[in-house]
Every structure is written in C-alpha cells, then in structure tokens.
Amino acid sequence: MLMGLKRLFAFLTLSVLAPGAFAQQAAEKAQEGVERWGVNMTQGVTEVSRTTYDLHMLIFWICVAIGVVVFSVMFYSMWRHRKSKGYKAAQFHESTLVELAWTIVPTLILVGMAIPATKTLYDIYDTKEADLDIMITGYQWKWKYDYLGSDVSFFSNLSTPASQINNQQPKTENYLLEVDEPMVVPTNKKIRFLITANDVIHAWWVPELAVKKDAIPGFVNESWTRIEEPGIYRGQCAELCGKDHGFMPIVVKAVPEDEYHSWLSERAEQAALIKELTNKTFTFDELYERGKKVYNSSCAACHQPNGQGVPGAFPAIAGSKIATGGMDSHLSMVVNGSPSNPAMQAFGAQLNEVDLAAVITYQRNAFGNNMGDTVQPIDILNFKNK
Amino acid sequence: MAHGPKPGFTRWLYTTNHKDIGSMYLWFSFAMFLLGGCMALVIRAELFQPGLQIVQPEFFNQMTTMHGLIMVFGAVMPAFVGLANWMVPMMIGAPDMALPRMNNWSFWILPFAFAMLASTLFMEGGAPNFGWTFYAPLSTEYAPPSVTFFIFSIHIMGASSIMGAINIVATILNMRAPGMTLMKMPLFVWTWLITAYLLIAVMPVLAGVVTMMLMDIHFGTSFFSAAGGGDPVLFQHVFWFFGHPEVYIMILPAFGIVSAIIPTFARKPLFGYSSMVYATASIAFLSFIVWAHHMFTVGMPIAGELFFMYATMLIAVPTGVKVFNWVTTMFRGSMTFETPMLFSIAFVILFTLGGFSGLMLAIAPADFQYHDTYFVVAHFHYVLVPGAIFSITAGVYYWLPKWTGNMYNETMGKVHFWMAFVGLNVTFFPMHFVGLAGMPRRIPDYALQFADFNQIASVGAFLFGAAQIVFLFNVIRTVKGGKKATDEVWENPEGLEWSVPSPAPYHTFSTPPVVR
C-alpha cells in the first residue's frame, strides 16, 4: 500500500503537468488507428444486435423528448418566475386532472416501449435449431471453447504482453482485446453457445453480437448468434471474477463456412498430434523452453513471471516446498489443484500431457530452483491414470 | 429539564439527545464520505491512463469494493439517519426520539463496525476484493481471509440500521404533537417513515445472506456452491432482495429534503402533497418486486425476465409524478437561488437524467448490452451523487443556520455548488459514453479506445473531491461563528422546526406545540 501511495503522489505531481501529457498521449494514440471518442452502442453484425440497437435508440429518443418537455418548463420558470424580477408567487398546490394526466400518459408511453422490447426478448431467447454448438467455460482468467461433436477444444488467453500493461513498451492497437487463440465460427449459421464456468461467475460478452450471458459454475446458460459479416469481433468478461477480471478478453473470428471447416479439421489433426507426442521422450531443453511458454500463459497471472507470487494471496514458486520437493506432490498440485485453496485450479483437464510435463519441468528448474530433474508426458499420463 | 449538555467527551459518549446524536451521525458520515472519496480517487487515478501505473489489480479491486461499501453504509445511510435524528422530532413537535438510549447505541456501534472494515486493508490477503455486491462464490470459496471480518461488520451495520429504523418509526407514530395528523406531516417525515419500514424489512435479509456466506466459508454448508448442491444465483436473488429496496432507502429521504427546500425558495406551497405521499409508498412497494432486474443476464426463464422488466418500468410512473410535482412547484413561484435551492434544482435535473438511464436499463434486451458496463456505473452515480449526496448537502445548508444559529457563507456555498456540479458531470457523464462503447466496469485497465473519456472523468473526480474541502471549511466556519441567523432563517418557510429559536435549544418542544 505504501508503494501505492508513493505512486499516487507521483501521479498528483504529474497531473499538474497534465496539459502536456494530454497532447503527447493524443499524438501517441493517433498513430495507432484506434477508434477514439466512441459515444454510442455498436449496431453490431447480427440481426439481434441491430434490433437491440434500434430499441436502445428508441428509448433514448423517448427519454430525450420527455426531458426536453420537463426541463423546458423548469428552465422557463427559473428564468421568468424569479423574485429578483419581481414575480409574485401563485399559490395553487393541486389539480386532480393534471395529476391524473401525468400518471396515465407515462403509463401509455411505457406500454409503447414494452411491446418491441418483449418481441426482441423472445427472439433472443429462441435458442432452438442451432447449426453448431460451442461450449464456453469461464476460468480464472481465460476462456475455454469446446466445439461439441468434434475433438476440438482449447483455451483462449490474453496475448497482450505484460510489458505493455506495465508501460515498458508502447501499447498496440488491440491492447487487452487480443488472445492467443480466437474462437473461430462460420458466418450465416445459427451458433448456440452453452455457457458455464469452472470456478467463479464470469460473463461472456461480445458487443457486436449483442450476446452477454453469465457463466455460472454448476449451471449451463444458453445463448445464440448468427453472424452475417466475416470479421474479428472483440469482447471482454463482464462479471467481476477476481484479480484479472480485466485481462480475459474474448475474440471471435467469423469466417466463411468452408474456411471454418478447414480450420476445424486442422485443429482436430493438431489434437491427434498432441496425443502422439505424449509417447515421445523430450530433452530437458525442449521441456524447459515449452514450459516457459506454458508458465507465462497459465501460471504467471498468479505466481508472477518471476515466480515470486504475491505475498498473502498467491504463493511463490521460487524455492517453494512443492517445486523443490518430491515429484508426486508437485504433480498432484498441478494436475489436481490444491485441496485447501480453490484459487489453485486443477490443471489436469486444462493442459495436455506435453504442456503439463513441460511446465512442471520448468517450475522445478527455473527461478533458482535448479532441481535438475525432468518429467515426461508419459509420466503425467500414468499419474493421471493412477 | 433546564439542564444543558455535559461538558467534555462524556457528553458525546453518554448522550441520549437527538441533536447530539444527529450531529455525531453527520460528522461520522462526512468522515466516511472523505475516506470513500479518497478510495474513488485512487480508482480514478489508476484509470487516468491505460496500463497499470499506480496500483495493482488486487488492490484496485479492494478499492472498488471498499469505496462502494463505505459510501453506501458509511456515508449515505448514516447521513440520512443523522438528518432524521435532528429534524424528525423538531418537525413533528416531539421533545426527542422515542427510544433515546437505543439511539445512542445505534450510533456508537457504527465506528466500531467501520474501524473493523477498514482494518481489513492491513490484513494478510488484503481487504474484501469481490465488489460491494460480493457475489458468491467469489466472496466465499475464493475470498481473502478478511471476509469474516467483513461479514461481522455488515452484521453490526445492519443492527445499527434496524435499531435506527425502529426508533424512527416509534417516534413518528407515537410522538407527534396534537393536531399533527399523518397527512399533515412534512414529506421528510413521511419519506423517512416509509424508508424505516424498508430498512426493517430488508436489513435482516442482508444479515441472512452474509450469515449464509459465513456458514459456507466456515461450517461446511453449500448454500451458494453448486458442487455441494447449492446455487450461486440464489446468492444474487437474496442479495438483491435486500439490494433493491436498499437503493430506495438511499433516495426516499432525499425526496423528502428536496420537497422541503423547493417550496421555501419558490415561495409557493408544494404541488401535489398527497400524490407525493402515495408516490413514495408506491415506489417503496415496487422496490420489493423488481430485484432481479440487476440479474437480467443470469439466465432466468423468459417469464421471469418479462415480469421484472415490466415491474421495473412501472417505477418510472410514481418517480415521474414526483419530478412533475417539483417542477410544477417551481412553476409560477417567486424563486431565489440560495445554495440549498441550487443543490435541490441540480438534484431534480440530474436525478431525472439518472432516472432516464434507469428506464433504459429496465428494458431487458437493451440491458444485455448495458449490463456490467460503465453505463451502469454512470447510471447509479447519477442517482446517488446528485440524488443522495446533493440532497444531503442541500439539507445541511438549509438547516445549518437552525442548528448553529449562524448563517453559512453564501459565496463559499455557491463556489462549493458549482465545483461539485461541474466536477460531478465531468466525472460521470463521459461514463455513459465509454459504457455504451463497450467498457466493462470494475476493470483496472482498459483498451485504448476508452482512454480519452476516462482521462476526462479522472480530472472531474479530483475537482469533485476538492469541492468537498470547500464544504468542510464552510461548515466549520459556520459552527464557529458568522452572521446570526433569525429564528425563521428563510423567508416564511413551512414547518415546526422554524418556530423554535436559532440555534435550536438543547431541548425543544418539552411541551408539545398545537398544530392546526
């Protein structure tokens, strides 16, 4: 906290120099082609998103109209009916007719709003007869996509490097809105999303699809979309889910149907390849290098890139009892998660055997742990089947 | 009854006097307002630019959580209770509150509750970091160890509120002066009577939900854990059954204050008194059947969505009636614009804007796009800051001369008003834009397209913060001295409180006045 205060002080000093900072920042951003000063909801790329937008604008203009009437009367009397202008106050204080009118008229306006809203809601809730089902699972702090009826299943992690977040590198166009593996879907197909979570509540939201649904552990919610335009659509988690709630974006890549099918079969082949690799024996360097990548995408959010953890919240890997102790307890911690602390998830179902072997090897040898041992994918498989 | 207050600290510790207790509530709430405000400034400072500069995400989440809890339970609610303590007995011609010892107790447990809540900041694992709505399982299985202290402090705050509410109900129903029939009571008394019933109805529900959390965390139950046969959504239903009436608890007394101030400075009786009473009662009733509009995205069946959408839209009707009544009260009045009136007019305008965005949020399909974005943050800050905070401020300026016997400095009051008004709009108006453009709430860092409006909002927040220093300074100066106020203070204001001398003596209405 002291550190925070120091930084706050630095900020206050800085904000005195704000005008300069403004101009400099503006110049920086203009280069990046980010669409700035957006003030309204997107119309999106689906029928539902457009209907939602129209509904939003309809209510907005009704509110504007009511506001204009009410505030005109108010500003008129504030201008005309002042004591300083010598205006004498009238003494009326009720009128049944007027009071009835301003109860009934708003009720009728509300009915007028409720009709299109109800229609749209029925549309959004109609998840029947989908062409394709995708299971979406929220994890702290990443998304998992399972293409039901195929072997394709993968995690989608934030790909913005920590150096950009910590201001050591300039931020690029899709800062915080980019992932390593986007969800790929076909255009012009009705896609049903089955949404759930593994730990806490998350919410899957892509504004351009007008889909936002909570991902709740133990329950499956349904939603759907039919994307008309090929393109890349970005969203974010919309329910506070812990430390990195702001760092688990969603990227949906909509492609024509044939492109989608070739992508899907490619992914299925990759899955088969990983199965084959499980029987291969890797060298220490291969495991260490692969493990470093896995560590940075799956472990570093809590245990930190330098393995030091966050005191009081997330334990360090560097010099930890588990990473420098017996192999079995290390395997158990990573594969099955912690029995006492739910924040340490069971990675056995999240990572494949090769990645698990790599990351465990990495943890035992990085950050000065230097255990000098390795674990092979086949060992992981045997451990899981024990 | 000729004795005055005891000298020294024991006066405040042992007091059963409604005026002393009212003052303590008000000072306590102002201290909490500054504390919660500083947390808001940490949030805004971090959000000044994209990237992490000042705090890390863990601490950012603690700040959003503590800011919300402290503002709701520490600043707004005790301020209204403080105003009720001061004004309700004086408005109904009673000598004191009906249950003065309980009154002392309900105040004095509050500092302990908040000391405990604030101490969690220094505990291992940090303060509560799950948002002021503390959704399970983030607040149960995944919570920092300090959650137990949070639960205990919520229990104490709840006990304090329930005792305060019972006291207000007992006072209003039993201690009115002869002739003060229910339909002659000032609207501030009416709105507080209804608020007190809301408190008695929902604070036990809050106590229930935190107790269920406690059981889940320490005693192996699974109310909110699907793995044990429970349901995380149950938490939200129970929480919002408390939470929605709670937001009206924070606004109904504000309606009462504004309904007292506008007629005074328009020099014209309040338009539609009885419809104001009925509208307040309708809003209170509706507040119990709209809770799930906070949960449109949890996946309720469509019948549930429709019911909660329609019921929520209905609230616009009585709320509209109130706004129309205030505007009509001003219409053809003879207006002056002293500080309390400025704050009240700003209340009417900005609260109406917040009401409009509330109506937009009520439309379930549109809510799917608004939910959990900065549009929601803009909405509830527009109803709470100009709603609750501005009305409390207006009330303090309006009654301060009666409390202290001195006039506040009008110029400084106007400076305070304009700084607060500009600061608040610069802070919260751009939040509508970033919310609609897709920025989720409760994030410590954001995508680049949201940078410009966030920068503007942060500047506004510091201006709004600075305005409160002017307020504090003005109040202290008035307490210490200044131009003497007359007994009536304003030009022909309505109400029994203006019939006693300024400053109001330690004991008022030892013999009840007769109301005709």
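In what follows, the structure referred to is the one given above.
All values reported here derive from a predicted model rather than from experimental measurement.

As a further point, take the overall build of chain B. Looking only at helices and strands, chain B features 16 helices and zero strands. The C-alpha radius of gyration computed for chain B amounts to 22 Å, which stays within 12% of the reference 24 Å derived for 516 residues, consistent with globular compactness. Looking at chain B alone, contacts between residues at least 24 apart form 82% of all its contacts between residues at least 6 apart.

Our next topic: the interface of chain B and chain A. Interfaces are often described in size by the accessible area the parts lose on coming together. Opposite the 86 residues of chain B that make contact, chain A presents 89 residues. If one sorts the elements of the side of chain B that touches chain A by residue count, helix α11 (residues 316-330) of chain B sits on top with eight residues. Among the residues making up the side of chain B that touches chain A, the classes are represented as 56 nonpolar, 19 polar and eleven charged.

It is worth spelling out the packing of helix α12 (residues 339-362) of chain B against helix α14 (residues 374-404) of chain B at this point. All names here are of chain B. Where α12 meets α14, the axes come as close as 8 Å, and the angle between the chain directions of the two elements is 160°. Considering the angle they form, α12 stands roughly antiparallel to α14. The two elements α12 and α14 meet at a crossing, and its hand is left-handed. Of the residues contributing to the contact of α12 with α14, the split by class is 18 nonpolar, nine polar and no charged.

Our next topic: the sheet that holds strand β8 (residues 221-225) of chain A. Residues and elements named next belong to chain A. Spatially, the five strands line up as an open sheet ordered β3-β2-β1-β5-β8, and their pairing is mixed. Either end of the sheet is taken by a strand with one partner, and the two such strands are β3 (153-156) and β8. Averaged over all pairs of adjacent strands, the angle between their axes in this sheet comes to 25°, without regard to strand direction. Bridge count for strand β1 (residues 132-139) against strand β5 (residues 191-197) is seven bridges, and the pairing is parallel. For I134, the partnering residue across the bridge sits in β5 and is F193.

It is worth spelling out the sheet that holds strand β7 (residues 211-215) of chain A at this point. All names here are of chain A. The strand order across the open sheet formed by five strands is β4-β10-β9-β6-β7, and the pairing between neighbours is mixed. The outermost strands of the open sheet, each flanked by one partner alone, are β4 (183-186) and β7. Averaged over all pairs of adjacent strands, the angle between their axes in this sheet comes to 25°, without regard to strand direction. Running at roughly 135° to β4, helix α6 (residues 257-277) makes contact with β4 and β10 (250-255) of the sheet.

This next bit is on unusual backbone geometry. Here the residue pair A136(B) and P137(B) is connected by a cis peptide bond, since its omega of 0° sits within 30 degrees of zero. Take P137(B): it is sitting in the loop between α4 (100-119) and α5 (147-174). Across the junction of S502(B) and P503(B), the peptide omega takes the value -5°, indicating a cis bond. A positive phi angle is found at L176(A), which is not glycine, with a value near 70°. With 24 C-beta atoms packed within 10 Å, L176(A) lands in the buried category. One non-glycine residue, R332(B), lies in positive phi territory at about 60°.

Before going further, it helps to spend a moment on the pairing of β5(A). All names here are of chain A. Of all seven residues in β5, five are buried; the element is thus mostly enclosed. Judged from the five bridges that link them, β5 and β8 form a sheet pairing that is antiparallel. Looking at the pairing, L194 lines up with E222 of β8.

What counts and what doesn't
Residues numbered from 1 in each chain as written. Chains lettered and ligands numbered in written order. Predicted model: local features only at pLDDT ≥ 70, side-chain atom pairs only at ≥ 80, totals over all residues. Helix = DSSP H or I, 4+ residues; strand = E, 2+ residues; numbered from the N terminus. Rg over C-alpha atoms; globule rule 2.2 N^0.38 Å. Contact = placed C-beta atoms within 7 Å. Nonpolar A, V, L, I, M, F, W, Y, C, P; charged D, E, K, R; others polar. Axes fitted to C-alpha atoms, helices over the stretch in contact; angles between N-to-C directions. Parallel < 35°, antiparallel > 145°, perpendicular 65-115°, else oblique. Left-handed = near helix turned anticlockwise from the far one by under 90°. Pairing = 2+ DSSP bridges. Buried ≥ 20, exposed ≤ 12 C-beta atoms within 10 Å, placed from the backbone.

Functional significance is not addressed by these values, which are geometric in nature.
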